[in-house]
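Fold and geometry: a report
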Amino acid sequence: MKGILTICRKELEDHFSSTRFILLFTLILMVSLVTAFMVGTGLRDELQGVAKPTFVFLMLFTSPGKLFSLIQFIAFFGPLIGIILGFDSINRERSARTLSKLVSQPIYRDSIINGKFLAGFVTITIMLLAIVLLISGLGLRLIGVVPGPEEVWRLAIYLLISIFYISFWLGISILFSVIFRSMATSVLATIACWIFFSFFVALGASLLADAISPVDQSAAVSNPELLIQHEKIRRVLSLFSPMTLYSEATTTILDPLRKTTQSLLLMGPMERLSITRFQNPLPLSESVYIVFPHLISLVAITLLCFAISYIAFMRQEVRST
Amino acid sequence: MNGKTVIETQELTKVYGEQVAVNHLNLRIPQGEVFGFLGPNGAGKTTTLLMLLGLSEPSSGRAWVCGFDPTREPLKVKRVVGYLPENVGFYDDMNAVQNLLYVSRLNGIPDDVSREKIEELLKVVDLQAEPKKKVGDYSRGMKQRLGIAEVLLKDPQVVFLDEPTLGLDPDGANQMLQLIQSLSRDKKITVFFSSHLLSQVQKISHRVGIMIKGNLVAVGRIEDLAKEKLGVGQESYTLEEVYMKYFKEGQS
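Residues numbered from 1 in each chain as written. Chains lettered and ligands numbered in written order. Predicted model: local features only at pLDDT ≥ 70, side-chain atom pairs only at ≥ 80, totals over all residues.

1. Focus on the environment of Ser69(A)
Residue and element names in this part refer to chain A. The topology assignment puts Ser-69 in the loop between helix 3 (56-62) and helix 4 (70-86). Residues Ser-69 and Asn-223, 154 residues apart in the sequence, show an inter-C-alpha distance of 37 Å. Each residue touching Ser-69, except ones within four places of it in the same chain, is listed here: Phe-61, Thr-62, Ser-63 and Pro-64. (Helix = DSSP H or I, 4+ residues; strand = E, 2+ residues; numbered from the N terminus. Contact = placed C-beta atoms within 7 Å.)

As structure tokens, this is what we get:
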């Protein structure tokens, strides 16, 4: 345990003093603040003279403003944080020949990779917490609404989901840093993975759904089952993208009026009825219930990813040359 | 040197695929000895070191270092053994003290103890002059000396040095060898080192082992080996002649 903490401490020092981390953090902070400011002022104008909706505060994070909402931004660029924190964690030590030194110290070999993952995890947590708190503070000043306990809880869950989402990408990048000796290769491989899973899976899902269960307009009218099947296939496939998982989970948790993660097409008649007739927000427990599978999947793929890199690292021969 | 045995191997073997890197190695090294491990590149010297440290698992055979089996109790072995890898690496953006402090923390030494110790060790290896200088700006010799300081940080009973004089200028190499000699003489540390500088190995080692293609072809005091191979008496041989004789036999 001592070994893990020592390594974690050193990695944290490295992270927080590295130029790339400061650049990235500044960039994300600036974009977040600008977005929050635009959304906040927009909200303030819209709410002028209107009865206040129940969950105004959460709108700071979910409403798109002029460009994109904050959660969309984190969904797109959050992975970059994970990638940048992890892509050279093992192979940098290898190329600097410090790895053979580390493993010849009286610490368990897995302390090295555990400590590095833990340090990345802590960094991500600090970063996201800082951003969410800053935006909340800014929001407090801009719209002058104090978040209720439920909103705070929802934000906390959102934070947790986001931490795991970014940690998943940290896990992927550490995995590639174990597998590839060269830092350039590992960063390219990670970014390729990111682009593939974040952008192409969604496209591919529609294409595959078209191929498996083709729908033409005339058939759809007479046979709605077909349309539903097509949509189901598309949805299942698109869930392979962590970004879809993340976006669905966070929009549901931050918007109490959303009662399902599914698209309108797949809703049952009761769900559709409830959306149009009952404009009541879901209680927190129900929202959590809806996104629970998403949450579990995100945690699972993060752990899986870390487990693979753990095994790969433990099985690697350490040679100084 | 008749102290207790600190390093012992029995039929230690490592096979990589088809290739036998170390072939049934039997070795016994008493405490306080300076043991020179010779052999051409790729003879299996580093592999042997890695197995003795528990960083690589032997295919068969056993080893003991200070009474511990490195395969089963690697942590206990690593606690008492200092290892200087060939081409030792440091964190280039930290200075010498920070580098050493990190290693001492990994060894579980409290900071206030290690700070004093680091200062002392930097004096020993003659690096105390520029404490703020980043290790990235160090010359090869300075890095190698810092490596020695790092190895000594944990008060080892045994040190493994893999090519400690590689790439050093003659003066630097001499300093390094004197340092190695003083470890055995003053602190009773067992030194197990590999090197290609035969004349210098001759100067400082009590015994040498010659490894060729994974086989330990000779082990013993240099004068005994010389007597056996060259049939000459004291002072009229060099280790180089002995080594080349074994090397040619090993090749054929």
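2. As for the pairing of strand 1 (residues 5-16) of chain B
Both faces of the sheet carry side chains from a regular strand, because those side chains alternate between them. Residues and elements named next belong to chain B. Sheet topology places strand 1 next to strand 2 (residues 19-30); eight bridges connect them, and they run antiparallel. Note that in strand 2 the partner of Ile-7 across the bridge is Ile-29. Between strand 1 and strand 2, which pair antiparallel in sequence order, lie two residues; one of them, Gly-17, sits at a positive phi of approximately 60°. Of the strand pairs in this sheet, strand 1 and strand 4 (residues 60-65) are connected by five bridges, and their pairing is antiparallel. In the strand pairing of strand 4, Thr-13 is matched with Ser-60. (Pairing = 2+ DSSP bridges.)

3. A short note on the sheet that holds strand 3 (residues 34-38) of chain B
Residue and element names in this part refer to chain B. Strand order in the open sheet made by the six strands is 5-6-7-3-8-9, with mixed pairing throughout. Both outer strands of the open sheet, strand 5 (81-84) and strand 9 (215-220), are each paired with one neighbouring strand and no more. Here the strands of the sheet are splayed against their neighbours by 15° on average, with no regard to which way each runs. By the bridge criterion, five bridges tie strand 8 (residues 207-212) to strand 9 in an arrangement that is antiparallel. Considered in strand 9, the bridge of Ile-212 is made with Asn-215. On the sheet, helix 9 (residues 239-251) packs against strand 3, strand 8 and strand 9 and is oriented at approximately 25° with respect to strand 8. (Axes fitted to C-alpha atoms, helices over the stretch in contact; angles between N-to-C directions.)

4. Observations regarding the nonpolar core
Counting residues in each nonpolar core, the largest one holds 140 residues, and the members touching the most others are Ala149(B), Val158(B), Phe160(B) and Val191(B). If one sorts the elements of this core by residue count, helix 8 (residues 149-179) of chain A sits on top with 15 residues. Each residue touching Val158(B), except ones within four places of it in the same chain, is listed here: Val6(B), Ile7(B), Val65(B), Cys66(B), Val80(B), Val81(B), Ile189(B), Thr190(B) and Phe192(B). (Core = buried A, V, L, I, M, F, W, Y, C linked by C-beta atoms within 7 Å. Buried ≥ 20, exposed ≤ 12 C-beta atoms within 10 Å, placed from the backbone.)

5. Re unusual backbone geometry
Residues and elements named next belong to chain B. Notably, Asp-155 is not glycine yet its phi reads approximately 50°, a positive angle. Tracing the sequence through the fold places Asp-155 in the loop between helix 5 (140-152) and strand 6 (158-162). Judged by the 13 C-beta atoms lying within 10 Å of it, Asp-155 is partly exposed.

6. Regarding helix 14 (residues 284-315) of chain A
Side chains of residues three or four places apart in an α-helix project in the same direction, reflecting 3.6 residues per turn. Residue and element names in this part refer to chain A. The end-to-end C-alpha separation of helix 14 is 44 Å, in line with the 46 Å expected for 32 residues at 1.5 Å each. The largest bend along helix 14 measures about 50° and falls at Val-291, with the proline Pro-293 one to four residues further on. Regarding helix 14, the residues found buried are Ser-287, Val-291, His-294, Leu-298, Thr-302, Cys-305, Phe-306, Ser-309 and Phe-313. Where the residues of helix 14 are buried, they touch helix 7 (109-143), helix 8 and helix 12 (242-254). (Expected span 1.5 Å × (residues − 1). Bend = angle between axes of the 7 residues up to and from the residue.)

7. Regarding the environment of Ala211(A)
Residue and element names in this part refer to chain A. Within the secondary structure, Ala-211 sits in helix 9 (residues 183-212). Judged by the 9 C-beta atoms lying within 10 Å of it, Ala-211 falls in the exposed class. Spatially, the C-alpha atom of Ala-211 lies 43 Å from that of Phe-57, the residues being 154 residues apart in sequence.

8. Re helix 3 (residues 96-106) of chain B
Most of helix 3 of chain B is tucked away: eight of the 11 residues are buried. Of all the positions in helix 3 of chain B, only Ala96(B), Asn99(B), Leu100(B), Tyr102(B), Val103(B), Ser104(B), Arg105(B) and Leu106(B) are classed as buried. The inward-facing, buried residues of helix 3 of chain B contact helix 1 (2-17) of chain A together with helix 4 (111-124) and helix 5 of chain B. Once helix 3 of chain B finishes, Gly108(B) follows within two positions and takes phi at roughly 75°, a positive value.

9. Here's the deal with the confidence of the model for chain A
Mean pLDDT over chain A works out to 84, with 90% of the residues at or above the 70 mark. Looking across chain A, the model is least confident in helix 13 (residues 269-277) of chain A, with a mean pLDDT of 66, and most confident in helix 8 of chain A, with 92. (pLDDT = per-residue confidence, 0-100.)

10. Structural notes on the sheet that holds strand 4 of chain B
All names here are of chain B. Read from one edge to the other, the open sheet built from three strands follows the order 2-1-4, with strand pairing classed as antiparallel. Whereas interior strands pair on both sides, the edge strands pair on one side only; in this sheet they are strand 2 and strand 4. In this sheet, adjacent strand axes meet at a mean angle of 15° when their direction is disregarded.

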